[in-house]
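So the chains spell out like this:
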Amino acid sequence: MSMESKSSGPVRAMWHDTVVAEAPDMTECRVFDGVVYFPKKYIKDQYIVNSNMKMAHGDKGVANYFHIRVGDKTMENGAWTFKTPEKPISHLKNLIGFRKSMKVDDGEKMRQPKMGLPHE
């Protein structure tokens, strides 16, 4: 189930007290299965590294993964995107979602997604 939510402030994905993604507000993002997906233009590229991991996820499509690096810490395959998603999630094309260990602050509350990797 997809839903959009609105807030009056910026939306931030954080790991180890570092902002890895920041959108002006929730209208720029999408929420699916408890995961907040950010447009690529709001991802801080210095913290995201391409991974070789790709995984098929049934009716969602193939997820392409990224590692998250902050200082000397790395979260392996901590983010993903669906470059060619199946129809049920076509609205998530090229958006980036983060694993459940990422904290997402939507300006009103801190979200801890109930779903992490697309296959969990």
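Structure shown above.
By convention here, each chain's residues receive numbers from 1 onward along its written sequence. For this predicted model, a pLDDT threshold of at least 70 governs which residues receive local features, and a threshold of 80 or more governs which side-chain atom pairs are given and counted, while totals over whole chains, interfaces and linings are taken from all residues. Note that water and hydrogens are dropped before the side-chain values are worked out from all heavy atoms of the structure.

**Let's talk about the overall build of the protein**
Secondary structure summary: the protein contains zero helices and 11 strands in total. Working definition: helices are DSSP H or I runs of at least four residues, strands are E runs of at least two. Numbering for both runs from the N terminus. Listed N to C, the secondary structure of the protein is β-β-β-β-β-β-β-β-β-β-β in terms of helices and strands. Burial classification: accessible surface area is computed with a 1.4 Å probe over protein chains only, and a residue below 20% of its type maximum counts as buried, one above 50% as exposed, and the rest as partly exposed. Across the 120 residues in the protein, those meeting the buried criterion constitute 47%. Across the protein, the fraction of contacts at a sequence separation of at least 24, relative to all contacts at a separation of at least 6, is 46%. With the model as given, the accessible surface of the protein reaches about 6400 Å², and the carbon-plus-sulfur share is 47%. Only heavy atoms matter for contacts: two residues are in contact if any of them lie within 4.5 Å across the pair. Per-residue and other accessible areas were derived by the Shrake-Rupley procedure at a 1.4 Å probe size, with only the shown protein chains allowed to occlude residues.

**Quick look at unusual backbone geometry**
Leaving glycine aside, a negative phi is the common case for residues, and trans is the common case for peptide bonds. Phi is positive for N77, close to 50°, though the residue is something other than glycine. Structurally, N77 can be placed in strand 8 (residues 73-82). Classification of N77 by relative accessible area gives buried; the value is 15%. Phi at N94 is positive, roughly 65°, even though this residue is not glycine. Relative to the elements of secondary structure, N94 occurs in the loop between strand 8 and strand 9 (96-98).

**Overview of the packing of aromatic side chains**
Pairing of aromatic side chains here covers Phe, Tyr and the six-membered ring of Trp, requires ring centres within 6.5 Å, and sorts the geometry by plane angle: under 30 degrees stacked, over 60 edge-to-face, intermediate tilted. For the structure on display, the rule yields three aromatic pairs. When the ring of Y37 is compared with that of W80, the centres are 6.2 Å apart and the planes differ by 80°; the resulting orientation is edge-to-face. Placement of the pair is Y37 in strand 5 (residues 35-38) and W80 in strand 8, with a sequence separation of 43 residues. Exposure remark for Y37: the relative accessible area of 3% places this residue in the buried category. Classification of W80 as buried rests on a relative accessible area of 0%. Where Y65 meets W80, the ring centres are 6.4 Å apart and the plane angle is 50°; that geometry is what we call tilted. Highlighted residues: Y65 in strand 7 (residues 61-70) and W80 in strand 8, separated in sequence by 15 residues. Members of the aromatic cluster, each reached through a chain of ring pairs, are Y37, Y65 and W80.

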